[in-house]
Amino acid sequence: MSVKRPVYLDYAAATPSDQRVIEEMISCMSIDGAFANPHAKDHVYGWEAAEAVETARDRVAALIGASPLEIYFTSGATEANNLAIFGLAEALEAQGSQKKRLVTSPIEHKAVLEACEKLSHQGYEITYIKPDHEGIVTAEMLKDVMDDDVFLVTLAQANSVLGSVNDVHKLAKVARSYGAFFHTDTAQSAGYVKTDFDSSDVSMATLTSEKICGPKGVGALYVQRAQKVPLEAQILGGGQEKGLRGGTVPTHQVAGMGKAFEIMRHQGDEDAKRMNALRDKFIKGLSAVEGCVINGSSEHHVPGILSVSFKGIDGSKLMPTLSGVACSTGSACSSADLKPSYILTGIGLDDALARASLRLSWGRFTKEQEIDEAVSAIAKAVKALRA
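Definitions and cut-offs
Residues numbered from 1 in each chain as written. Predicted model: local features only at pLDDT ≥ 70, side-chain atom pairs only at ≥ 80, totals over all residues. Heavy atoms only, no water. Salt bridge = Lys/Arg side-chain N within 4 Å of Asp/Glu carboxyl O. Helix = DSSP H or I, 4+ residues; strand = E, 2+ residues; numbered from the N terminus. Buried < 20%, exposed > 50% of the residue type's maximum accessible area, 1.4 Å probe, protein only. Pairing = 2+ DSSP bridges. Axes fitted to C-alpha atoms, helices over the stretch in contact; angles between N-to-C directions. Contact = heavy atoms within 4.5 Å. Core = buried A, V, L, I, M, F, W, Y, C linked by side-chain atoms within 4.5 Å. Phe/Tyr/Trp six-rings, centres within 6.5 Å; stacked < 30°, edge-to-face > 60°. Lys NZ or Arg CZ within 6 Å of the ring centre and 35° of its normal. Polar contact = N/O pair within 3.5 Å; in protein donor to acceptor, adjacent residues only side chain to side chain. Patch = residues over 30% accessible without salt bridge, like charges linked within 9 Å, V, L, I, M, F, W, Y side chains within 5 Å. Areas by Shrake-Rupley, 256 points an atom, 1.4 Å probe, with all protein chains shown as cover. Expected span 1.5 Å × (residues − 1). Left-handed = near helix turned anticlockwise from the far one by under 90°. Nonpolar A, V, L, I, M, F, W, Y, C, P; charged D, E, K, R; others polar.

Visitor: What am I meant to see in the pattern of salt bridges here?
Guide: Side chains that differ in sign of charge can pair as their charged atoms come close. Counted according to the given criterion, the structure contains 16 salt bridges. Note that R359 is salt-bridged to D10, the shortest N-O span being 3.1 Å. Placement of the pair is R359 in strand β12 (residues 357-361) and D10 in the loop between β1 (7-8) and α1 (19-26), with a sequence separation of 349 residues. Two residues, R20 and D18, come together in a salt bridge whose shortest N-O distance is 2.9 Å. On the accessibility criterion, R20 (36% relative accessible area) is partly exposed. Look at D18 and you get buried, because its relative accessible area is 4%. Residues participating in the shared-partner salt-bridge network are D18, R20, D271 and R364.

Visitor: When you look at the sheet that holds β12 in this model, what are you seeing that I'm missing?
Guide: Hydrogen bonds along the backbone pair up the strands of a sheet, which may run parallel or antiparallel. Across the sheet, which stays open at both edges, the 3 strands sit in the order β9-β10-β12 with antiparallel pairing between neighbours. A strand with exactly one partner marks an edge of an open sheet, and here the two such strands are β9 (292-295) and β12. Across the sheet, the mean angle separating the axes of adjacent strands is 30° when strand polarity is ignored. Bridge count for strand β10 (residues 305-310) against β12 is 5 bridges, and the pairing is antiparallel. Across the sheet, I305 pairs through a bridge with S361, a residue of β12. Most of the contacts of helix α7 (residues 251-286) go to β10, to which it runs at about 5°, and overall it touches β9, β10 and β12.

Visitor: Explain the nonpolar core to me, please; I cannot follow it from the model alone.
Guide: A general trend in soluble globular proteins is that nonpolar side chains are found buried together. Of all hydrophobic cores here, the largest spans 43 residues; its most connected members are I71, F73, V153, F182, L207 and Y222. Setting aside chain neighbours within four positions, we find F73 in contact with V53, A56, R57, V60, G219, A220, E241, R245, V254 and M257. One finds F310, I313, A356 and L360 within the second-largest nonpolar core, a separate group that totals 26 residues.

Visitor: In this structure, what is going on with the packing of aromatic side chains? I would like to understand it.
Guide: Summed over the entire model, instances satisfying the criterion amount to 5 aromatic pairs. A ring pair is formed by F282 and W362, whose centres lie 5.3 Å apart and whose planes are at 45°; its orientation type is tilted. Taken together, the positions of F282 in helix α7 and W362 in the loop between β12 and α11 (368-386) put the pair 80 residues apart, joining distant regions of the chain. For F282, a relative accessible area of 0% puts it in the buried group. Sitting over the ring of Y342, K110 keeps its end group 4.4 Å from the ring centre. The cationic tip of K118 hangs over the ring face of F86; the distance from NZ or CZ to the ring centre is 5.6 Å.

Visitor: I keep staring at the side chain of Q157 and nothing clicks. Help me out?
Guide: Residue position: Q157 is located in the loop between β5 (150-154) and α6 (168-177). Overall, Q157 belongs to the buried group, its relative accessible area being 1%. In this structure the side chain of Q157 is engaged in a polar contact, spanning 2.7 Å, whose partner is the side chain of S189. What Q157 contacts, discounting residues up to four positions off in sequence, is S164, V165, N166, V168, T184, D185, T186, S189, V193, K194 and T195.

Visitor: Could you clarify how one ought to interpret a nonpolar patch on the surface in this entry?
Guide: Among the surface-exposed residues, I31, F35, V44, Y45 and W47 lie close enough to one another that they form a single nonpolar patch of about 530 Å² accessible area. Following the sequence through the fold, V44 ends up in helix α2 (residues 44-64). With a relative accessible area of 41%, V44 lands in the partly exposed category.

Visitor: I would appreciate a short explanation of unusual backbone geometry in the present structure.
Guide: Note: most residues except glycine have negative phi, and most peptide bonds are trans. Here C213, not a glycine, exhibits a phi torsion of approximately 65°, which is positive. You can see C213 is positioned in the loop between β7 (204-208) and β8 (219-223). Here K228, not a glycine, exhibits a phi torsion of approximately 50°, which is positive. Secondary-structure assignment places K228 in the loop between β8 and α7. The exposure class assigned to K228 is exposed, which follows from its relative accessible area of 69%.

Visitor: What exactly am I supposed to notice about helix α3 (residues 77-94) here?
Guide: The periodicity of an α-helix, 3.6 residues per turn, causes residues three or four places apart in sequence to face the same way. With 18 residues, α3 should reach 26 Å at 1.5 Å per residue; the first-to-last C-alpha distance of 25 Å fits that figure. Of all the 18 residues making up α3, 13 are buried; the element is thus mostly covered by neighbouring parts of the structure. Directly beyond the C-terminal end of α3, a positive phi value near 90° is found at G96.

Visitor: Just to check I follow, could you spell out the packing of α2 against α7 for this structure?
Guide: How two helices pack is summed up by the angle between their axes together with the distance between the axes. Interaxial distance between α2 and α7 falls to 8 Å at its minimum, and their mutual angle equals 30°. As α2 packs across α7, the resulting crossing turns out to be left-handed. In this structure, α2 uses A49, A52, V53, A56, R59, V60, A62 and L63 to contact α7, whose residues at the interface are T251, V254, A255, M257, G258, K259, F261, E262, M264 and R265. Broken down by class, the residue content of the contact of α2 with α7 amounts to 12 nonpolar, 2 polar and 4 charged.

Visitor: Can you walk me through the sheet that holds strand β3 (residues 101-104) in this structure?
Guide: Here we have 7 strands laid out as an open sheet, ordered β2-β8-β7-β6-β5-β3-β4, and mixed in their pairing. At either end of the open sheet lies a strand with only one pairing partner, and these are β2 (71-74) and β4 (125-128). Strand-to-strand, the axes of this sheet are offset by a mean angle of 20°, without reference to chain direction. The pairing of β7 with β8 spans 5 bridges and is classified as antiparallel. Bridging from a neighbouring strand, L207 pairs with A220 of β8. The sheet strands contacting α3 are β2, β3, β5, β6 (181-185), β7 and β8, and the helix crosses β7 at an angle near 160°. Packed onto the sheet, helix α4 (residues 110-120) meets β3, β4 and β5 and runs at close to 140° relative to β4.

Interpretation in functional terms is not warranted from these geometric data alone.
Next up, the structure:
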């Protein structure tokens, strides 16, 4: 007899791959498929693999409103963020630029914050915009800190814990008006929130497939051609990805990412509608739990992330008490950290309330019944802690 597994509500950390994605990847792994090195130019096996990579590049570009020529594959969102930040800083310095200011917010993903911190040790000035209580940075907030010394503004389109969405098109317009480049991490938002990057002032965008039922270990950086963004490669090798990222492109992972993006282009609106209905169901159920606080924005949010806190309980005991639900207290990248979430304290929550918080995230394969089960389990755990 099999043991019932907990309800999976950690889609913001990683998603199960869609069966269509799995089949696409398998087709690039066997002797009968496009398994070869896509950079092998001397035989048909290499040509087939190269074609699979370029098909994926087309599919990624199509979802975000870009040209395939603007998509550079990486090992994931973390590498893409590093390439955008370090690559631009090094390229501008090599050109003799005197600009040394970078603008971001204190609730960005650690891949952005730690890269900024490293630049601060190299003589760069980092300006952190405090977001509002919903976790949103507005164009007016950005204008208040901008000047001609800023070379880059990096702000995520959607926060990974709150799910709150920034209007990156307005933010990018402000940045460009001061001659600065604008980068955004779309790991949690691509396919759910408007992109159309070639019709915007966004200079660079980080992309990944692991949040939209695609494989882990692969991502991409969008770099708008019209802006002529200078970048220095961070990984050197055989000059792959037009010299911006050395190393053999993993055909099967890239093909899986491309398929995941293609599915989102055709199915994303349908997914979002169903996931928003699940969100409403979650909020209605949890609102009946004594002391429940919904964090983030009620209007500007992605469909599948909800941050909730519970007043008056010992946050350190919340997860151990909660059975039947697989979720997180914040981002999975820092789940071993016992400190309160820096993102929740960054929007004004006190330490106690930030500790007594859950990030619930769901997606394509989540069922209504599972939301009911989760609400019941959470209510039971909170009641037990109060008792």
